[in-house]
Amino acid sequence: MLKFLRRNLNSFESADFSVSNSALSLLAVPTSQHNRMPVLTALNLSKDFRNKPLFSGVTFGIDWTDRVGLIGVNGSGKTTLMRILAGEMPSDSGEIVIADGAQMGYLPQQPVFEAHLSVLDALFSKSSATMQLIHDYEAACAALEHDHSNEKLLTRMSELSQQIDAAGAWELESNAKSILSQLGITDTEQEVGTLSGGQRKRVALAHALITRPDLLILDEPTNHLDAETIQWLEDYLARYSGALFLVTHDRYFLDRVTNRIVEIDRGTTQTFAGNYSYYLEKKDEQEARRGVEYEKRKQLMKAELAWLRRGAKARTTKQKARVDRAEEMLSAPKEKPKQEIEISAIGRRLGTKVIEFEKVSKSYDNLLLVKDFTLIVQRGDRIGIIGANGTGKTTLLDMVVGRTQPDSGSVSLGPTVKIGYYDQENRRMSEDQRLIDYVKEGGENIPTVDGGTISASQMAERFLFPGAMQFAPISKLSGGERRRLYLLRLLMESPNVLLLDEPTNDLDIPTLVALEEYLDSFAGCVIVVSHDRYFLDRVVDRVFRFEGDGRIREYPGNYSAFLEIREREERERLAAEAEAKKPKAVAAPVVAVAPAAKGRKLSFKEKQELEKLEVEIGRGETRKKEIEIALNASAADYEATSKLIAELTALNGMMDIAVERWAELSEI
């Protein structure tokens with residue numbers, strides 16, 4: 001692993017504060033861009049997929065500072081549209097216009113790399129000459145870790161260091177350090193082909209962020225990220241200077257990062273000039289109007305049809321006009337209010353005993369995941385399980401259903417328990433099987449809490465799989481539609497205990513809303529593993545966090561309550577540390593020469609970084625004074641003042657990070 005990955009968890013994101021050296025151009029939009037055409041314009045795009053029309057007439061623009069969220073139900077064409085915009089797929093018709101000189105970065109939902117590439121090569125592939133310099137520099141650093149005395153490597157690293165300095169690219173290298181550290185990418189020499197899907201997604205995300213393009217196109221960037229990393233990414237994108245176009249199921253993320261929403265709905269798109277909260281307000285108003293208009297139109301059409309059937313005599317201009325109007329109404333497209341997913345609460349008796357963990361322990365390859373875990377799950381429990389990736393959350397669910405056995409202890413189920421396990425693997429799906437046949441394998445009919453039943457076909461309709469579509473093979477479905485189908489099949493089995501492993505990955509927001517409403521009235525137990533903060537806030541009332549070394553700690557309340565507890569504990573810890581560091585009134589002087597001698601020395605690279613920080617912090621202070629003077633001089637110029645304030649805000653943020661890093665190195 002590269003040295004900079006181990007020692008720079010708090011490294012700053014940009015180190016050159018001189019406007020003349022273009023450092024601030026990474027975080028502030030160049031003035032010239034404000035007067036240019038949009039960074040990307042889509043004109044009348046259309047696309048059919050597997051003989052299914054997805055959308056047509058799609059037209060919109062993305063400005064240089066836009067933060068656009070794309071939403072729509074699974075199968076509406078979100079990923080397809082993103083691939084078209086990124087140049088990964090042609091449209092059937094229409095045009096995409098990209099501004100001269102604009103650079104785009106694309107994060108696909110399922111990244112594909114050449115298996116033999118190292119992580120380092122994948123991170124800096126398809127990049128600029130500057131990025132190639134950083135790649136070569138970090139490769140030389142990695143090689144030096146294995147051969148400290150190699151003079152050729154030392155000379156090579158020195159030459160590359162000078163070239164990076166001449167290119168003013170140290171801020172990019174520091175940005176790369178921060179991104180890799182935050183995304184948990186620790187072994188850059190590993191081959192991409194040996195990585196899991198989640199690890200490949202992180203590498204692809206790091207690549208997209210490191211290159212700092214003018215437009216970032218991100219397809220589900222929060223998938224496979226834990227909640228802390230999602231929060232970091234949210235903060236990072238809030239400071240990002242370029243344009244964003246993204247799809248995400250994380251509603252907190254969508255609400256806080258975007259300033260525009262583009263919705264794909266019934267084959268067309270419409271734009272809402274605000275974040276997700278604004279979209280919800282306007283969409284509710286729109287759907288209410290559509291519902292009223294539809295009912296009025298239906299009544300008017302009924303009256304006109306009755307009039308026609310009476311045999312109108314078209315002998316006058318007025319009568320002929322009415323006939324023409326009636327025929328026009330009857331032949332016009334019938335737009336109904338938008339169909340929503342509806343899930344009825346399904347009842348199955350559940351006894352007193354549900355699930356009991358008794359002193360359960362589990363390890364893999366000397367990695368302790370669970371140690372002496374004891375818990376009695378009771379009827380009506382809503383439990384959320386959180387923690388970093390690879391800590392054992394899915395393993396815990398697998399032990400409940402018997403896919404994995406504990407090393408010690410026991411997991412027992414009550415006699416009336418019927419488990420529905422929504423895992424991450426879409427088990428038992430055959431490509432040539434008809435959709436309705438797959439659903440019926442779960443059950444032909446299911447009981448409801450009011451004593452009635454719902455057929456498999458009716459449930460499929462409620463999950464937005466209309467009659468004709470039910471007889472199509474599963475191979476015709478998109479990835480998101482398959483996840484929705486998998487959820488439908490699970491509910492057809494009438495479970496009274498639901499185990500949900502990352503249920504929000506690849507499900508659209510309407511399906512998530514319907515699932516949350518279903519869980520509100522679900523009479524059984526729910527255990528959910530998720531990094532989706534909104535979903536956890538809506539669904540659970542207890543949180544269990546995997547805290548490392550096999551420890552699982554319980555927190556009362558939902559995810560927001562968990563955050564409040566953690567923040568309070570952190571404040572208390574810092575206060576206790578500060579109190580402990582206060583000098584005692586009667587304490588004798590202590591000479592700390594010996595301990596200081598035991599500390600490690602700064603590496604060659606760290607010394608260079610410290611020297612650059614001192615210069616750059618000085619530049620930053622100088623620039624701050626210049627901005628303050630300029631603000632006083634241009635108080636009446638709103639546009640100039642806004643740009644200066646934006647620059648000062650970005651500069652203050654960078655200065656805070658730089659000073660913190662300088663203090664860390666100085667202490668060493």
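Quick note: structure is the one above.
This text gives an overview of the structure that appears in the document.

Each value, and the rule that gives it
- Residues numbered from 1 in each chain as written.
- Predicted model: local features only at pLDDT ≥ 70, side-chain atom pairs only at ≥ 80, totals over all residues.
- Heavy atoms only, no water.
- Helix = DSSP H or I, 4+ residues; strand = E, 2+ residues; numbered from the N terminus.
- Buried < 20%, exposed > 50% of the residue type's maximum accessible area, 1.4 Å probe, protein only.
- Contact = heavy atoms within 4.5 Å.
- Areas by Shrake-Rupley, 256 points an atom, 1.4 Å probe, with all protein chains shown as cover.
- 1 Å grid on protein atoms, 1.4 Å probe; cavity = no way out; pocket = protein on both sides within 12 Å on 5 of 7 lines; lining within 4 Å.
- Points joined across faces, edges and corners; volume = space filled by probe spheres on them.
- Nonpolar A, V, L, I, M, F, W, Y, C, P; charged D, E, K, R; others polar.
- Pairing = 2+ DSSP bridges.
- Right-handed = clockwise from strand over helix to strand, strands pointing away.
- Axes fitted to C-alpha atoms, helices over the stretch in contact; angles between N-to-C directions.
- Salt bridge = Lys/Arg side-chain N within 4 Å of Asp/Glu carboxyl O.
- Phe/Tyr/Trp six-rings, centres within 6.5 Å; stacked < 30°, edge-to-face > 60°.
- Lys NZ or Arg CZ within 6 Å of the ring centre and 35° of its normal.
- Parallel < 35°, antiparallel > 145°, perpendicular 65-115°, else oblique.
- Expected span 1.5 Å × (residues − 1).

For the protein chain, the count of helices and strands is 21 helices and 20 strands. Residues classed as buried in the protein chain amount to 49% of the 668 residues present. Within the protein chain, contacts between residues separated by at least 24 positions form 71% of all contacts whose residues are at least 6 apart in sequence. With the model as given, the accessible surface of the protein chain reaches about 32400 Å², and the carbon-plus-sulfur share is 51%.

Put simply, the second largest pocket is a space of about 860 Å³. What lines the second largest pocket is a set of 35 residues, among which Gln199, Arg202, His224, Asn389 and Gly390 lie closest to the centre. Counting only elements with at least two residues in the lining of the second largest pocket, the list comes to α7 (197-210), α8 (227-239) and α12 (393-401). Here the lining of the second largest pocket gets five residues from one element, more than from any other, and that element is α7. Here the lining of the second largest pocket is composed, by residue class, of nine nonpolar, 19 polar and seven charged.

Another aspect to go through is the pairing of strand β17 (residues 497-501). Burial runs high along β17: five of the five residues are buried. Residues Val497, Leu499 and Asp501 point to one face of β17 and Leu498 and Leu500 to the other, with burial holding for every one of them. The pairing of strand β14 (residues 419-422) with β17 spans four bridges and is classified as parallel. In the sheet register, Tyr422 faces β17, and the bridge partner there is Leu500. Here β17 runs beside strand β18 (residues 525-529); their pairing, made up of five bridges, is parallel. Across the sheet, the residue bridging to Leu498 is Val526, located in β18. Running through helix α16 (residues 509-521), the crossover from β17 to the neighbouring parallel element β18 is right-handed.

Read from one edge of the open sheet, six strands run β14-β17-β18-β12-β19-β20, paired in mixed fashion. The open sheet terminates on both sides in strands that have one partner only, identified here as β14 and β20 (551-556). With direction set aside, neighbouring strand axes in the sheet form an average angle of 15°.

Next up on the list: the pattern of salt bridges. Under the counting rule described, the total for this entry stands at 32 salt bridges. When the shortest N-O distance is used, the salt bridge between Glu285 and Lys282 registers 3.9 Å. Of this pair, Glu285 and Lys282 both sit in helix α10 (residues 276-309), three residues apart, which is roughly one turn of that helix. Linking Arg403 and Asp398 is a salt bridge whose minimum nitrogen-to-oxygen distance equals 3.9 Å. Take Arg403: its relative accessible area is 37%, and that puts it in the partly exposed class. A residue is classified by how much of its surface remains accessible, and Asp398, at 15% relative accessible area, is buried. Shared partners join several salt bridges into a network, and the residues in it are Glu228, Arg545, Glu547, Arg551 and Arg566.

Here the focus is the packing of aromatic side chains. Taken as a whole, this structure holds eleven aromatic pairs when the rule is applied. Relative to Tyr534, the ring of Tyr252 lies with its centre 5.1 Å away and its plane at 65°, an arrangement referred to as edge-to-face. Within this pair, whereas Tyr252 is found in helix α9 (residues 251-257), its partner Tyr534 is found in helix α17 (residues 533-539), the two being separated by 282 residues in sequence. The exposure class assigned to Tyr252 is partly exposed, which follows from its relative accessible area of 22%. Measuring from centroid to centroid gives 5.9 Å for Tyr276 and Tyr279, while their planes differ by 25°, and the two rings are stacked. Here Tyr276 pairs with Tyr279, and both are found in helix α10, just three residues apart, close to one helical turn. There is no split in this pair, since Tyr276 and Tyr279 are both buried. Aromatic ring contacts, followed pair by pair, group Phe272, Tyr276 and Tyr279 into a single cluster. The ring of Phe465 carries Arg484 above its face, with NZ or CZ at 5.0 Å from the centroid. If you follow Arg489 out to its NZ or CZ, it ends over the ring of Tyr438, 4.9 Å from the centre.

Looking now at the sheet that holds strand β13 (residues 408-413). Taken in spatial order, the three strands make up an open sheet running β11-β10-β13, and their pairing is antiparallel. The sheet is open, and its two edges are formed by β11 (367-377) and β13, each paired on a single side. Neighbour-to-neighbour, the strand axes of this sheet turn through a mean angle of 20°, independent of strand direction. Pairing of strand β10 (residues 355-364) with β13, which is carried by five bridges, proceeds in the antiparallel orientation. Residue pairing across strands places Ile355 opposite Leu413, the latter belonging to β13. Together, β10, β11 and β13 form the strand contacts of α12, whose direction differs from that of β10 by roughly 125°.

Packing of helix α6 (residues 170-182) against α8 brings their axes to within 10 Å, and their N-to-C directions diverge by 150°. Regarding the angle of α6 to α8, the classification is roughly antiparallel. Between α6 and α8, the contacting residues are Asn175, Ser178, Ile179 and Gln182 on the first element and Thr229, Trp232 and Tyr236 on the second. Of the residues assigned to the contact of α6 with α8, the class counts are three nonpolar, four polar and no charged.

A few words on the environment of Asp398. In this structure, Asp398 sits in helix α12. Taking the C-alpha atoms as reference points, Asp398 and Asp501, 103 residues apart in sequence, are found 10.0 Å from one another.

Within the secondary structure, Thr229 is located in helix α8. For Thr229, a relative accessible area of 6% gives the class buried. Apart from residues no more than four positions distant in its own chain, Thr229 is found in contact with Gln182, Leu183 and Arg202.

Below, the discussion takes up helix α15 (residues 479-492). For α15, which comprises 14 residues, the first-to-last C-alpha distance of 20 Å matches the rise-based estimate of 20 Å (1.5 Å per residue) to within 8%. A large share of α15 lies buried, amounting to 13 of its 14 residues. Downstream of α15 by a residue or two, Ser494 has a phi angle that is positive, lying close to 55°.

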